[in-house]
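What follows is each chain in one-letter form.
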Amino acid sequence: MSDSAEKVQHGGDGGAIGDGHHDDGKKPNVIFVLGAPGSGKGTQCEMIRKDLNFVHLSAGDLLRVERETPGSVNGAAILEHMKNGTIVPVEITCTLLENAMLKSGEKNFLVDGFPRNQDNLQGWIKQMGDKTNLLFVLFLEAPEELCTKRILSRAANASVVRPDDNVESMRKRFQTYINDTMPIIEYYHSKGLVRKVDSVRPPDVVHQEIVQLLKKTEGFQVA
Ligand SMILES: Nc1ncnc2c1ncn2[C@@H]1O[C@H](COP(=O)(O)OP(=O)(O)OP(=O)(O)O)[C@@H](O)[C@H]1O
Ligand SMILES: Nc1ccn([C@H]2C[C@H](O)[C@@H](COP(=O)(O)O)O2)c(=O)n1
Ligand SMILES: [Mg+2]
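Just so you know, these numbers come straight off a predicted model, no measurement behind them.

A.B. asks: Help me understand the site of ligand 2 in this model?
C.D. replies: In the neighbourhood of ligand 2, 15 residues make up the surrounding shell, with Arg64, Val88, Gly113, Asn120 and Arg162 lying closest. Contact between ligand 2 and Gly113: a nitrogen atom at 2.9 Å from a main-chain N or O atom of the residue. In this structure, Arg162 approaches ligand 2 through a side-chain N or O atom, which is 2.9 Å from an oxygen atom. Contact with the protein chains removes 96% of the 450 Å² of surface that ligand 2 exposes when unbound. Tallying contributions element by element places helix 3 (residues 59–68) first for the shell around ligand 2, with four residues.

A.B. asks: Teacher, can you tell me more about the pairing of strand 2 (residues 55–58) here?
C.D. replies: Successive side chains on a regular strand alternate, one facing one side of the sheet and the next facing the other. Along strand 2, one buried face is formed by Val55 and Leu57 and the opposite face, lined by His56 and Ser58, is buried too. Here strand 2 pairs with strand 3 (residues 108–112) via four bridges, running parallel. Paired with Val55 across the strands is Phe109, a residue of strand 3.

A.B. asks: What should I look at first to understand the UniProt feature "binding site: CMP" (unreviewed entry) in the protein chain in this one?
C.D. replies: In the UniProt entry, the feature "binding site: CMP" (unreviewed entry) is given for Asn120. For Asn120, the position within the fold is in helix 6 (residues 118–128). What makes Asn120 buried here is its relative accessible area of 2%. If we skip the residues at most four places from it in the chain, Asn120 touches Ile87, Val88, Val90, Phe114 and Pro115. One polar contact links the side chain of Asn120 to the main-chain amide nitrogen of Arg116, over a distance of 2.9 Å.

A.B. asks: In this structure, what is going on with the UniProt feature "binding site: ATP" (unreviewed entry) in the protein chain? I would like to understand it.
C.D. replies: UniProt tags Gly38, Ser39, Gly40, Lys41, Gly42, Thr43, Arg154 and Arg201 as "binding site: ATP" (unreviewed entry). Summarising the element assignment, Lys41 is placed in helix 2 (residues 41–52). The residues touching Lys41, leaving out its near neighbours within four places in the chain, are Val33, Leu34, Gly35, Ala36, Asp112, Gly113 and Leu140. Within the local environment of Lys41, its side chain forms a polar contact with the backbone oxygen of Ala36, the two atoms lying 3.1 Å apart. By secondary structure assignment, the location of Arg201 is in the loop between strand 5 (194–198) and helix 9 (203–215). Taking the relative accessible area as the measure of exposure, Arg201 reaches 26% and is therefore partly exposed. Look past the residues within four positions of Arg201 in its chain and what remains in contact with it is Arg150, Val206 and Glu209. Among the polar contacts made by the side chain of Arg201, one reaches the main-chain carbonyl oxygen of Asp198 at a distance of 3.0 Å.

What counts, and at which threshold
- Residues numbered from 1 in each chain as written.
- Chains lettered and ligands numbered in written order.
- Predicted model: local features only at pLDDT ≥ 70, side-chain atom pairs only at ≥ 80, totals over all residues.
- Heavy atoms only, no water.
- Near = heavy atom within 4 Å.
- Polar contact = N/O pair within 3.5 Å; in protein donor to acceptor, adjacent residues only side chain to side chain.
- Areas by Shrake-Rupley, 256 points an atom, 1.4 Å probe, with all protein chains shown as cover.
- Helix = DSSP H or I, 4+ residues; strand = E, 2+ residues; numbered from the N terminus.
- Buried < 20%, exposed > 50% of the residue type's maximum accessible area, 1.4 Å probe, protein only.
- Pairing = 2+ DSSP bridges.
- UniProt positions renumbered as here; feature names shortened; annotations may be inferred.
- Contact = heavy atoms within 4.5 Å.

What follows is the structure, encoded as structure tokens:
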């Protein structure tokens, strides 16, 4: 385990972090969806949302909406983090996630692009760990070169281009993914909670594998 993963493990959760062993049947189910920028997190979350009655909460999308909300005190800071490919402080992101969960009134959530670093993880544990049941961490694996191609293609075809879908921001986002997010995936892997899926394949094929994973998930009934 890397040093940073070790730090995560001793982040003060005392083991009660919604790690799959504390489900009382009433807490909302959460699947964290992680992977490199462009690995297909948003694409797969939308497919699961449509098929399986999950709410898709993209941390990045929630932050983008907050950034554009008139009068938001966090808007400028969020934009700076996005351009620099760095991670917004968890107090902002976790509150947006919790509010969206409460507003939905639903029970099954795909939390896309979170937790991205130790600050995210520890903030979630503190604010949400005891209130949620983590089913597993879906890790979509695809090489950087392919992800870069996908993002450039997304930017070329979008009516509104994301401020971070350019080569300079992308390089920084990948660095952040390697340095900050991979240790989080390693941490969950050490707890047996990572489900790795090869995301190089066509979206439908990847989706079918995820559906099978969900069917095999203890304590979760596929809709
Ligand atoms: N399995 C796939 N095969 C081919 N193209 C894909 C696949 N999955 C996603 N894409 C395309 O790649 C681009 C990026 O996908 P998506 O937005 O889902 O990635 P992401 O992981 O959410 O990225 P980000 O972290 O930047 O939000 C999109 O244009 C999408 O249509
Ligand atoms: N937990 C998160 C998720 C996202 N962000 C910021 C920084 C990312 O580069 C950007 C885009 O996220 P994406 O849509 O690619 O998942 O949003 C963050 O700070 N913290
Ligand atoms: Mg996305």
